[in-house]
Amino acid sequence: QVQLVESGGGLVQPGGSLRLSCAASGSIFSINDMGWYRQAPGKQRDLVAGITSGGSTNYADSVKGRFTISRDNAKNTVILQMNSLKPEDTAVYYCKADIFARDYVWALSTYWGQGTQVTVSS
């Protein structure tokens, strides 16, 4: 069974930092694109940062220069380092990964993490 398990969320003060981690497990053959999304109450779920299997990255304009996405392919893990956090960064953050795996049969599917709460407040 393929799972994405997120960790690292919490409550921080403005200007603080958090490191989110998302690890995939299961009968995984390969992982293509990975990314982090966030959703505030009453808002749409938006892309924060993405990274391809080759390491190319893209960021939402609102987080450029503050957030860094990376991946450790050996550990099937994607990381989001968040610095200089602002109150407007408050949201539930979700990990997403496109994975070729065998849950029942081999298939390419999109998987989502359970979400982790990030709250930036003084």
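Conventions adopted
Chains are numbered independently. Their residues run from 1 in the order of the written sequence. Residue-level local features of this predicted model are given only where pLDDT is at least 70; pairs of side-chain atoms are given and counted only at 80 or more, and the full residue set underlies all totals for whole chains, interfaces and linings. The side-chain figures draw on all heavy atoms in the structure; neither hydrogens nor water molecules are used. Note on conventions: DSSP H or I runs of at least 4 residues are helices, E runs of at least 2 residues are strands, and numbering of each starts at the N terminus. Here the radius of gyration uses the C-alpha set of atoms, whereas the globule reference equals 2.2 Å times the residue count to the power 0.38. Think of it in three bands: with a 1.4 Å probe and only protein chains considered, a residue is buried below 20% of the maximum accessible area for its type, exposed above 50%, and partly exposed in between. Contacts are residue-level and defined by heavy atoms, with any inter-residue pair within 4.5 Å sufficient. Using a 1.4 Å probe, the Shrake-Rupley method yields the accessible areas, and only the shown protein chains count as cover for residues. Here a salt bridge means any side-chain nitrogen of Lys or Arg lying within 4 Å of a carboxyl oxygen belonging to Asp or Glu. What is meant by a nonpolar core is a set of buried Ala, Val, Leu, Ile, Met, Phe, Trp, Tyr and Cys residues, joined one to another through side-chain atoms within 4.5 Å. DSSP bridges decide pairing: two strands pair if at least two such bridges lie between them.

Please give an account of the overall build of the protein that cites residues and values.
Counting its regular elements, the protein contains 0 helices and 11 strands. When the elements of the protein are put in sequence order from the N terminus, they spell out β-β-β-β-β-β-β-β-β-β-β. On C-alpha atoms alone, the protein measures out to a radius of gyration of 14 Å, which is about the 14 Å that the 2.2 N^0.38 rule sets for 122 residues. Based on the C-alpha atoms only, the size of the protein along its principal axes is roughly 50 × 25 × 25 Å. By residue count, 36% of the 122 residues in the protein fall in the buried class. Excluding contacts between residues fewer than 6 apart, the proportion of contacts in the protein whose partners are at least 24 apart in sequence is 56%. Of the roughly 6600 Å² of accessible surface on the protein, a fraction of 47% belongs to carbon and sulfur atoms.

Now, about the pattern of salt bridges: what can you tell me, with residues and values included?
Enumeration according to the criterion identifies 3 salt bridges in this entry. Ionic pairing is found between Lys64 and Asp61, a salt bridge with its closest N-O pair at 3.1 Å. Side by side, Lys64 and Asp61 carry an identical accessibility label, which is exposed. A salt bridge links Asp89 to Arg66; the shortest N-O distance between them is 2.7 Å. Of this pair, Asp89 sits in the loop between strand S8 (77-82) and strand S9 (91-102) while Arg66 sits in the loop between strand S6 (57-59) and strand S7 (67-72), placing them 23 residues apart in sequence. Judged by its relative accessible area of 0%, Asp89 is buried. Here the residues in one salt-bridge network are Arg38, Arg66 and Asp89, joined through shared partners.

How would you sum up the nonpolar core? Please name residues and give values.
Grouped together as the largest cluster of nonpolar side chains are 29 residues, with contacts concentrated most on Trp36, Leu80, Met82, Tyr93 and Ile99. Every element with two or more residues in this core is listed here: strand S3 (18-25), strand S4 (28-39), strand S5 (46-51), S7, S8, S9 and strand S11 (116-120). Tallying contributions element by element places S9 first for this core, with 6 residues. Contacts of Tyr93, omitting those with residues within four sequence positions, involve Glu6, Leu20, Trp36, Tyr37, Arg38, Val48, Phe67, Leu80, Met82, Gly115, Thr116 and Val118.

Hey, could you go over the pairing of S8 for me, with residue numbers and the actual values?
For a regular strand, side-chain orientation follows a simple rule: the groups alternate between the two sheet faces. Most of S8 sits out of view: 5 of its 6 residues are buried. Direction of pairing for S3 relative to S8: antiparallel, over a ladder of 6 bridges. Note on S8: the bridge partner recorded for Ser21 is Ile79. By the bridge criterion, 6 bridges tie S7 to S8 in an arrangement that is antiparallel. If you follow Asp72 over to S8, its bridge partner there is Thr77. Taking the residues between adjacent antiparallel strands as the criterion, S7 and S8 are bridged by 4 residues, where Asn76 takes a positive phi near 50°.

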